[in-house]
Amino acid sequence: MIAIWNNPEWMRHRRALLRPAPTMTIVAVSWLLCALVAYVDGIKHTIMNVILAHTIILPLLVGSTCSQSIMHERVFQTFDFWRTTRLTPRELIAGQLFGVPLRGILAVISTLPIALLSIGFGTSPLSLTLEYLMVLVFCVTVGLGGLVISMFATSFRESRGIAWVWGIALVLFSIGFALADTGRNGFWVMTITPYPFFKMLELAPGADGFSLSQSTSLFGVMPVPSFLLGIVLNLSFSGWFYLMLSRNLKKRAG
Amino acid sequence: MSNLVNPILKFEAVRKDFGQFVAVQPLTLDIQAGEIYGLIGPNGAGKTTLIRMACGLLAPTSGRVYVNGIDIQQRAEAAQESIGYLSDVYALYEELTAWEYLDYFARAYRMPADDIPPRIKEVIRLVGLEVKEQALTKGLSRGMRQRLGLARAILHRPKLLLLDEPASGLDPKARRDLRDLLLMLQAQGTTIVISSHILAELEGFCSRFGIMELGRLVRSDTVSGLTSVTGNRRTILLRWLDGDVERVKRTIERSGGLVTAEWSPDHALCTVNLTEDQLADLHAGLVRAGVRVVEFVEKKRTVEDLYMNLSRHEVM
């Protein structure tokens, strides 16, 4: 498999979405917003808000953009291009997954140094790494799910509708978790999202990384490491979505 | 067509149904390497369906399609290496420049990295888009979009070029340029299958024609082969001076070959069924009868005339 930066599909999105003017605008607006929040709330709160924004906004952006992308190719009749070139389904999926939400990814990467400042306020590097690892795997799951929606939807309206349902479900998920107060004994399925991990990070900023990695959720009556459960759930769903995509993306119409 | 030995594209009893609707009825056709094959027929005749099956975008309901000897149903990607396809819609990636658009496809076709920039330059020059190389494709005119699509289709030097209505929407100069480009590609050994419902677009440069109607391949032959079917039927434009139209009528009717005629006081357009010898006798007879003939021209039979004679004029 070719490296993502040499993947033609990813390069196409990079060229289309990250021209100098929009790139500079995204970086400037992201920093401006952080500066405004810092001015109002102080640096410590800003750092946690940035991590929270990454945790919530990036999956939503990935999900919403991916849930339109293949439908977009079909509506604008560029879908046939994929099926007459030698790009493999794996390359197309990777190119779409990491290419379509590039502007959101850029906004996160450009403000990542602010999140790293949390280490200076006592957050353990391992906890922060685990949190962002969960954000990444969750984004992959949501992105692949979005691509599945956009492949099987029959119209923009339908894919947009399904994406909205997804988005609202995610928000409700987050609210549900917030009401449950902690992920330690929370509804086990919630560990598929990175929000329980963010909550733990927020509630115990000084805890070492192992306490986050060893926190448990109840799977039935059995306590299971939350992080492990989250990874397994995400891999299961991503794997399922990936199979659906790879088997159908270059399939000829019957 | 079974005597052709080296078909680069072979349809073997191919049929395509969409539900109850039969888009292509069982069709067998060989297209030999180096040909320019014109696929003509009205809208809805099944041309696009046939081309989409040839490039592996549609699976036939029954039958087989072979490209360069490879069964496209079994090994689509291997077969598609030999194919350049231009669809009848002007779809492009709107946010890319013309150069970036071609670069994307060069990489997607797995062209060697060193070969990509010079090849892009070459095809951009071939289609005459040098001045738009760095322009976003969304700003290109219809004709330019079509030319960029063609550049994309020939970028990876395919052996077989499948063009679905490539000239529709092009101005006369662009059509002539397209024709010159296709002839040049043919000279380089590329086989071209080109469809159109505007018959004049294909006339003069196709080696063979296939006439499709209602999903059937009504006939597939060279222009001379198609002409022979229509026998000695010819259209004559006749013009005379100071004339007596009745005398002209009588003389032509006496020839025995008159089929139809449109009469005017000083000219006529007649369809006759006469050999070349009989035609010469008719001309002499008109002169002998005192008709002052100033024009006696056999109107060249166009592919359109042949099509009108051969097709069954069924409408979808």
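Cut-offs used in this document
- Residues numbered from 1 in each chain as written.
- Chains lettered and ligands numbered in written order.
- Predicted model: local features only at pLDDT ≥ 70, side-chain atom pairs only at ≥ 80, totals over all residues.
- Buried ≥ 20, exposed ≤ 12 C-beta atoms within 10 Å, placed from the backbone.
- Helix = DSSP H or I, 4+ residues; strand = E, 2+ residues; numbered from the N terminus.
- Pairing = 2+ DSSP bridges.
- pLDDT = per-residue confidence, 0-100.
- Contact = placed C-beta atoms within 7 Å.
- Nonpolar A, V, L, I, M, F, W, Y, C, P; charged D, E, K, R; others polar.
- Axes fitted to C-alpha atoms, helices over the stretch in contact; angles between N-to-C directions.

Undergrad: Looking at this model, I keep getting lost on the pairing of strand β14 (residues 292-299) of chain B. Mind explaining?
TA: Residues and elements named next belong to chain B. The buried fraction of β14 is low, at zero of eight residues. Sheet topology places strand β11 (residues 233-241) next to β14; seven bridges connect them, and they run antiparallel. If you follow leucine 238 over to β14, its bridge partner there is phenylalanine 296.

Undergrad: What's the story with the confidence of the model for chain B in this structure? I'm lost.
TA: Detailed reading of the predicted model is not advised wherever pLDDT is low. Of all residues in chain B, 91% have pLDDT values of 70 or greater, and the mean over the chain is 86. Prediction confidence for the complex, expressed as pTM and ipTM, is 0.81 and 0.85 respectively.

Undergrad: Please explain the interface of chain B and chain A as it appears in this structure.
TA: How large an interface is tends to be reported as the accessible area lost when its parts come together. Every contact between the two is made by 22 residues of chain B and, on the other side, 17 residues of chain A. Its residues assigned to classes, the side of chain B that touches chain A comprises 14 nonpolar, three polar and five charged.

Undergrad: I would appreciate a short explanation of helix α5 (residues 89-99) of chain A in the present structure.
TA: What sets the pattern is the α-helix's 3.6 residues per turn: residues three or four places apart point alike. Within the sequence span of α5 of chain A, burial applies to Glu91, Leu92, Gly95, Gln96, Leu97, Phe98 and Gly99 of chain A. Where the residues of α5 of chain A are buried, they touch α1 (8-17), α3 (43-75), α4 (79-84), α6 (102-116) and α7 (125-152) of chain A.

Undergrad: Can you walk me through the sheet that holds strand β13 (residues 267-273) of chain B in this structure?
TA: Paired through backbone hydrogen bonds, the strands of a sheet run either parallel or antiparallel to each other. Residues and elements named next belong to chain B. Spatial ordering of the open sheet is given by β12-β13-β11-β14, a layout of four strands whose pairing is antiparallel. At either end of the open sheet lies a strand with only one pairing partner, and these are β12 (258-263) and β14. Strand-to-strand twist across the sheet, computed as the mean angle between neighbouring axes with direction ignored, equals 20°. Both β11 and β13 contribute to a ladder of seven bridges, which runs antiparallel. By the bridge assignment, threonine 235 is partnered in β13 with threonine 271.

Undergrad: What is the right way to read the sheet that holds strand β7 (residues 160-164) of chain B from this model?
TA: Residues and elements named next belong to chain B. The strand order across the open sheet formed by six strands is β6-β7-β8-β3-β9-β10, and the pairing between neighbours is mixed. In this open sheet, the two strands that pair with only one neighbour each are β6 (83-86) and β10 (216-221). For this sheet the average axis-to-axis angle between neighbouring strands, irrespective of direction, equals 15°. In this fold helix α5 (residues 142-154) packs onto β6 and β7, with an angle of close to 165° to the strand it touches most, β6. Across the face of the sheet, helix α6 (residues 172-187) comes into contact with β3 (36-40), β7 and β8 (191-196) while running at roughly 150° to β8.

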